[in-house]
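Inside the fold
The primary structure of each chain is shown beneath.
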Amino acid sequence: MASRLVIFTSLPRVGGHSTLTEGLCRLLKPSFDHIEVWCKPMPAHGHSKAMTETLESMGVHVCMLADGHGKINAGAVVGAVRQARPHREETVFFTLAMRHLSLALAAALRPAKSVYYHITHDLNPGTIRRLNIYSKVFDRMVFICPATYRMFPGAMDSPRYT
């Protein structure tokens, strides 16, 4: 059974990713022995040091994979995967709408379970194409907007999509 949770997110100064990450950590803390947040700030959104402190005060380990402007630190990425990989059979990897890098992290980590949480206001053909690719790597796909979820071809018929 999975006892470790890794959440890959951005933790912006203002925005839903920080609020959702905190809420997920609070909600799931009783279900996991270990929770860590892998953070890659989005350019122009900044990084919330206050949220990092809040998460750490909850006992969540925060690992910065990039600087405050979103520039990747390759050593930090490799180090995070290397540290987590021995625990992969007990790990759930949850990506909070982090797009392309999440594919590489999920493939490198190879966790017991993986979830891609997609936040959208519309589903255009390009987004649908990208999400179909992501669904080949992640066990589950979760959507925040039910109206657009219903427009995703095949999602309503598959238990992999929620």
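The model shown is predicted, which means the values in this text are computed figures rather than measured ones. (Residues numbered from 1 in each chain as written. Predicted model: local features only at pLDDT ≥ 70, side-chain atom pairs only at ≥ 80, totals over all residues. Heavy atoms only, no water.)

The subject of this paragraph is the sheet that holds strand β2 (residues 34–39). Adjacent strands of a sheet pair through backbone hydrogen bonds, lying either parallel or antiparallel. Strand order in the open sheet formed by six strands is β3-β2-β1-β4-β5-β6, and the pairing between neighbours is parallel. The sheet is open, and its two edges are formed by β3 (61–64) and β6 (140–143), each paired on a single side. Across the sheet, the mean angle separating the axes of adjacent strands is 20 degrees when strand polarity is ignored. The pairing of strand β4 (residues 91–96) with strand β5 (residues 113–118) spans five bridges and is classified as parallel. Counted as the bridge partner of Leu-96 is Tyr-117 from β5. Along the sheet, helix α3 (residues 74–84) contacts β1 (4–9), β2 and β3; its crossing angle with β2, the most-contacted strand, is approximately 160 degrees. Relative to the sheet, helix α5 (residues 125–134) contacts β5 and β6, its axis offset from that of β5 by approximately 170 degrees. (Pairing = 2+ DSSP bridges. Helix = DSSP H or I, 4+ residues; strand = E, 2+ residues; numbered from the N terminus. Axes fitted to C-alpha atoms, helices over the stretch in contact; angles between N-to-C directions. Contact = heavy atoms within 4.5 Å.)

It is worth spelling out the nonpolar core at this point. Core analysis: the largest hydrophobic core is formed by 26 residues, its most contacted members being Trp-38 and Phe-93. Mapped onto this core, the elements with two or more residues apiece are β1, α3, α4 (100–109), α5 and β6. The contacts of Trp-38, once residues within four sequence positions are left out, are Val-6, Ile-7, Phe-8, Thr-9, Cys-63, Leu-65, Ala-80, Val-81, Ala-84, Phe-93, Leu-105 and Leu-109. Core analysis: the second largest hydrophobic core is formed by 20 residues, Val-60, Val-92, Leu-96 and Val-142 among them. (Core = buried A, V, L, I, M, F, W, Y, C linked by side-chain atoms within 4.5 Å. Buried < 20%, exposed > 50% of the residue type's maximum accessible area, 1.4 Å probe, protein only.)

Position of Thr-91 among the secondary structure elements: in strand β4. Polar side-chain contacts of Thr-91 include one of 2.7 Å to the backbone oxygen of His-87. (Polar contact = N/O pair within 3.5 Å; in protein donor to acceptor, adjacent residues only side chain to side chain.)

A large share of β2 lies buried, amounting to five of its six residues. Pairing of β1 with β2 involves six bridges; the strand directions are parallel. The residue bridging Arg-4 from the neighbouring strand is His-34, located in β2. Each parallel crossover has a hand, and the one from β1 via helix α1 (residues 16–28) to β2 is right-handed. Judged from the four bridges that link them, β2 and β3 form a sheet pairing that is parallel. By the bridge assignment for β3, Glu-36 is matched with His-61. In the classification by handedness, the crossover that spans β2, the intervening helix α2 (residues 49–57) and the parallel β3 is right-handed. (Right-handed = clockwise from strand over helix to strand, strands pointing away.)

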